Amino acid sequence: MSDLILIDGSSYLFRAFHALPPLTNAQGEPTGALYGVVNMLRAIGKARPAHVAFVCDASGPTFRHVMYADYKANRPPTPPDLRAQIEPMLALVKALGYPILRIPGVEADDVIGTLARQGEAAGMDVTISTGDKDFAQLVGPRITLVNTMTHTTLNRAGVTEKFGVPPERIIDYLALVGDKVDNVPGVEKCGPKTAVKWLAEYGSLDGVMTHAGDIGGKIGEYLRDALPRLPLSRELVTIKTDVALDATPQSLVLDKPDVDALRELYARYEFKAALSELDTDTPDAASAPGTSAPPPSAPAAHAEPGHYELVTTSAQLDAWLARMANAPLIAFDTETTALDPMRADIVGLSLCVEPGHACYIPLAHDYPGVPAQLSRDHVLAALKPVLEDPARPKVGQHAKYDLNILAHYGIHVAGVRHDTMLESYVLDATASRHDMDTLASRQLGYMTIHFEDVAGKGAKQIPFSQVDLSTACRYAAEDADITLRLHHALWPQLQVAGRRLNVYTDIEMPLVPVLARMEQRGVLVDVPALRTMSNEFAKRMLELERAAHASAGHEFNLDSPKQLQAILFDELGLPVRIKTPKGAPSTNEESLEAIADAHPLPRLILDYRMLAKLRSTYTEKLADIVNPRTGRVHTSYHQAAVATGRLSSTDPNLQNIPVRTAEGRRIRQAFIAPPGWKVLAADYSQIELRIMAHLSGDAGLKRAFHDGVDVHRATAAEVFGEKPEDVSKNQRRAAKAINFGLMYGMSAFGLARNLGIGRDEAADYIARYFARYPGVHAFMEATREQARRDGHVETLFGRRLMLPNLASRNAAHRAGAERAAINAPMQGTAADIIKRAMLAVDTWLLDRHDDAHMLMQVHDELVFEVREDVLSEVRAGVVERMQGAARLDVPLLVEAGAGNNWDEAH
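**Regarding the overall build of the protein chain**
- Per the secondary structure count, the protein chain includes 37 helices and 22 strands.
- Split into buried and exposed, the 906 residues of the protein chain put 53% on the buried side.
- Nonlocal contacts in the protein chain, meaning residues at least 24 apart in sequence, comprise 69% of its contacts between residues at least 6 apart.

Below is the structure:
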C-alpha cells in the first residue's frame, strides 16, 4: 500500500464519462461517470490507505489563464450529462469519507504535484491515480502513476519506455510537442519522435533552442519560428509544486463513511449491490487488524447477466475480429474435452471486449442434430494473429490452461497482461479460493452457471461437446464476460496495493508463459525402471507388514489408524506425544517419530507408509500418466495455491519426492535425459538462512556466509564455544536444527523433541544462539511486533501474507500465526527469488537454439534438459542468472550438477 494516494478526480470523471455506457437511473439522471468513479473509490477505500485525497479542479480561471489568455480555449463546453454528475460525485466522495481538495486559481494537477513532492520529501511512497500524461514529469523513486481506466502503471522505467525520455525531460518534451487539448502551442509538425530525437541529441529544451540554427529542413524553420513562445509553453506545462495549502500529506486521512448519506445516494442512483453490501457490512470490519481488504462492490450492472452471442457464421466472426482490433483489453477462455490441458482438445472459444457483452464460438460440438459450426481450422487461423500479437492486451482466468490448449494448435498466445486468479491471489494469498465461481460471488455478487448445471453430475455427466449450443453459449460466454468484470473489480485494488502491484506485474504475470512452456515440454521418465521399482517396493512393504505383525504380537491392518492407535497406546502402553483435534492419541507421522525410539513398531509403520506413498504417488502413477502424444510426463504448476508464494505441482506432485532417502533418490533416477542430452540440476544453497542473514542484518551470520564456511559448523562453534574444527557431529546437528528450526518458529519444546534432549537443555541452546546472534533475535521480535500491529508480513519484494489469527482468542491459532510471521518473509522471499531466476533463465534460453529447456522447479531447485555439447556453457549461464536473481547482503550460492538422470545431477 502506498503511504499517500492522490486521486485526480477531474481526470477520472471526464474519462469515465467517455469510456462507460450512458447509464441512467429510473428518474433519467445520468450515472455512467458516477459508476466508474465511485467504483474506483470504493476499491481504494476498502484497502484502507494510510493517507489519501480526492483532488479536482475548482471553478473559474487559473494562473495559467492569466499567463496565456488562450489557455484551454479550444475545449468544447462541458456536456450537460457530465456537468450534471459533478455535484453528485462530490457528494458521494464526501460520504465515502475522502478528503476533497478544490483550490481556486490553480488546477488539480498543481495541488497533486505539491502534495506529491511534500510526501516524497517526508519519505512517503506516493501513488498518483490519474490518466493525465502531464504527471509523468513528477515520477521518481517514490512517486508512481496508476491509471485504472487503461490498466497501466508508470514508474521511471515506464515513463522512459512510453515517452522515450525520462521524467526530468517530460516538461521539455511536452513544450516541444504542445498540447492541442489545453491549447498549449508547441513546435509545428514536431511530433513525439522528433521531440525525443532532439532531446537525445541536445540534452534539454534549452539545448534544442541553442542549436535551433543547426537543424535543417522545414522542421528547422518551424522550430526557429517557435523559439519566442517555447519558454511560455514550458511554463504552461510545468506542474506547480509549491501551492500554498492548508492540508499536508499527513493530514489527509480517510474518514469513516457516512452510512446514512451513502444509503440515500446509492438508493437514488440505483447502486443496488453497493447498497446491499452497505447494509450487511459490520462496522469497522475493513480496518480490523489482520483482515484483508474486502472486495469492492459493483453497481447493479455487475451482478446482472450479460448479453451473449453464439457465433456460427463468418460475418459474425469478422464482426468480432473488428471489435477486438480496437479493444483495450480482450478476455478469452477455451472450452475443452478434459481438465488435463496436455490431453484435452478444444471444443469452443469465448471472447469479451466489453463487460456484459461476450460471444461463444463453438468448434467441435458433436451431438446428433447439432447446427452447423464454423471450421475449427478457419476460426483458429483467423484468431491466431490477434492472439499472438503482444500489443493486443489480454486477460484470462487461470490463463495458463488456455495457453497450453491453444499451443496444441500452433497458437502461441502473447500479450496476456492479466489473470484474475493471480490478481486475487496477490491481493490476498490467504483467501481460501481464487476460482472464477468464488471470485464472482465475492467480488461481484454474481452467481455463475456451474459446469454441472449444463453437463450434469456423476455418471450422467456428458462431455461439453455434447452440450447444446444455446446452453453452451450461456455458460462459456459468461466465463469470458465474468473474467473481464472481475478484472475491472480487482485491478483497481491492485493499483493501490503498494509493492504487491510489482509482485503481480514483475513476477507472477511474466511467469505464466514460462510455466506453460515447462508444462508443455514435460520430462522423460524411464517406465521399465519404475515398474521394477514398484515391484521391489511392494515386496519390501510385505516384509515390513510381517515384521509389524510380529512386533505387535498379532495381525492388524497397517492402514487403519484406529487399530494402530489401540495397539500402540492401549496394548503396548507407549506414551501419547501428540493428540488429534478431538483429543484422541494421534498416529500421524510426527506422532510416530516422537515415539520411534520407545518401540520398534512405530519405525516399521513409518517405513511402510513411506514406501506405500512412493509407490502409489510415483512408481505406479508416473508410468500410467506418460502422455501418449509426447511420451513424457507433464506436471501442472499452481501459482495461486501456497500463501507464501511457493509453487506447487500436481499429477505428479514433484515437490514431495524425498531426496534424503535411498528410495526417494531411486525415483529421481527414473527422471532421465534423452540420448545426446543431460539432466542439469541447479539448487540454491541454504537460501532461507541467507535471507535470514540479510533481513536480520546479524553481523555474525553475515560473516559466516561471506567467509564461505560451513554455516552450521560456524553456528555450533558460536553456540557451544568451540573452535570450528573441534565441533562434534551432535553439536553441528543441534546447530542445524536451531538454524532451520527458528525460521519455522520452533520452540524449546520442539527443539528438545527434534534432538531428543531435555527441554531445559534445548532452551539453553536457543538462549546461547540468540546471545551469539543478537540481530536474529531482534529481527524476530521486531517482525512479531510489526505483524501484530499491521496484521501482515511482507517478503523482500513486497509479497504480503495476511495473518488474521494473530488476533485470535485461540492460543494455538495465535501461536501458529506468530510462527508464520517469522517464516513467511524467508520462505516467501525464497519463492520470489527463484521465480525471478526462472524469468531471467527463460528469457536467456529463448534466445538460444533450442539446445536447453527448463523442465521442473522443485522448492529451491531448477531442473533442465541440456544438449551435451553445450552443457558447460548452459550450466555457467544458469548459475550466473540464478545467483543474480536478487541482491542480498550475503552472496547467493547455487550448486549445479549434471548427469544422465535427475539423481546423478545432484
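On we go.
**Here we look at helix H9 (residues 192–202)**
- All of the buried residues in H9 are Ala-195, Trp-198, Leu-199 and Tyr-202. Viewed end-on, H9 has its buried residues packed into an arc of 95°, placing them on one side of the element. Away from the buried face of H9 by more than 90 degrees, exposed residues Lys-193, Lys-197, Ala-200 and Glu-201 are located.
- Where H9 is buried, its residues meet helix H8 (170–177), helix H10 (205–210) and helix H11 (217–226).

**Points about the pairing of strand E5 (residues 143–147)**
- Judged by how many residues are buried, E5 sits mostly within the fold: four of five residues are covered.
- With four bridges connecting them, strand E4 (residues 126–129) and E5 associate as parallel partners. Its bridge partner being in E5, Ser-129 is matched across the sheet by Val-146.

**Some points on the packing of helix H17 (residues 399–407) against helix H22 (residues 500–521)**
- Closest axis-to-axis distance for the H17/H22 pair is 9 Å, and the angle between their directions is 50°. Considered as vectors, H17 and H22 are oriented oblique to each other. In this structure, H17 meets H22 at a crossing whose hand is right-handed. For the pair H17 and H22, the contacting residues are Lys-400, Leu-403, Asn-404 and Ala-407 in the first and Val-512, Pro-513, Leu-515, Ala-516, Glu-519 and Gln-520 in the second.
- Class assignment of the residues belonging to the contact of H17 with H22 gives a composition of six nonpolar, two polar and two charged.

**Thoughts on the packing of aromatic side chains**
- Taken as a whole and judged by the stated rule, the model has eleven aromatic pairs.
- Taking 4.9 Å as the distance between ring centres and 90° as the angle between the ring planes, the aromatic pair formed by Phe-720 and Tyr-765 counts as edge-to-face. Of this pair, Phe-720 sits in helix H31 (residues 711–720) while Tyr-765 is found in helix H34 (residues 759–772), placing the two residues 45 residues apart along the sequence. The pair formed by Phe-720 and Tyr-765 is uniform in burial state, with each residue classed as buried.

**Side note on empty space enclosed by the protein**
- Throughout the structure, instances matching the rule amount to three cavities of 30 Å³ or more.
- Put simply, the largest cavity is a space of about 70 Å³.
- Elements with a minimum of two residues in the lining of the largest cavity: H22 and strand E20 (852–858).
- For the lining of the largest cavity, a count of residues per class yields nine nonpolar, three polar and one charged.
- The calculated volume of the second largest cavity comes to roughly 40 Å³.
- Around the second largest cavity, the lining residues are Ala-643, Thr-644, Val-793, Thr-795, Arg-799, Arg-800, Leu-801, Ala-824, Pro-825 and Gly-828.
- Going through the elements one at a time, strand E19 (800–802) and helix H36 (811–846) are the ones with two or more residues in the lining of the second largest cavity.
- Sort the elements by how many residues they give to the lining of the second largest cavity and H36 lands first, with three residues.
- For the lining of the second largest cavity, a count of residues per class yields five nonpolar, three polar and two charged.

**Here we look at the sheet that holds strand E22 (residues 894–899)**
- Here four strands make up an open sheet; going across it, the order is E20-E21-E17-E22 and the pairing antiparallel. Among the strands making up the open sheet, the edge pair consists of E20 and E22. This sheet shows a mean twist of 20° between the axes of neighbouring strands, independent of strand direction.
- Sheet topology note: the strand E17 (residues 677–684)/strand E21 (residues 861–867) ladder contains seven bridges and is antiparallel. Bridge pairing in E21 places Trp-677 opposite Arg-867.
- Along the sheet face, H36 touches E17, E20 and E21 and points at about 170° away from the line of E20.

**Quick word on the sheet that holds strand E8 (residues 330–336)**
- Read across the open sheet, the six strands follow the order E7-E10-E9-E8-E11-E12; overall the sheet is mixed. If you trace the sheet from one side to the other, it starts and ends with strand E7 (307–310) and strand E12 (416–419), each paired once. Averaged over all adjacent pairs, the angle separating strand axes in this sheet is 25°, with direction ignored.
- Looking at chain direction, E8 and strand E9 (residues 346–354) are connected through six bridges and run antiparallel. Each residue of the ladder has a partner; that of Thr-334, found in E9, is Leu-349.
- Relative to E12, helix H18 (residues 420–427) is tilted by about 55°, and along the sheet it contacts strand E11 (394–396) and E12.

Definitions and cut-offs
- Residues numbered from 1 in each chain as written.
- Predicted model: local features only at pLDDT ≥ 70, side-chain atom pairs only at ≥ 80, totals over all residues.
- Heavy atoms only, no water.
- Helix = DSSP H or I, 4+ residues; strand = E, 2+ residues; numbered from the N terminus.
- Buried < 20%, exposed > 50% of the residue type's maximum accessible area, 1.4 Å probe, protein only.
- Contact = heavy atoms within 4.5 Å.
- Arc of directions from axis to C-beta.
- Pairing = 2+ DSSP bridges.
- Axes fitted to C-alpha atoms, helices over the stretch in contact; angles between N-to-C directions.
- Parallel < 35°, antiparallel > 145°, perpendicular 65-115°, else oblique.
- Left-handed = near helix turned anticlockwise from the far one by under 90°.
- Nonpolar A, V, L, I, M, F, W, Y, C, P; charged D, E, K, R; others polar.
- Phe/Tyr/Trp six-rings, centres within 6.5 Å; stacked < 30°, edge-to-face > 60°.
- 1 Å grid on protein atoms, 1.4 Å probe; cavity = no way out; pocket = protein on both sides within 12 Å on 5 of 7 lines; lining within 4 Å.
- Points joined across faces, edges and corners; volume = space filled by probe spheres on them.

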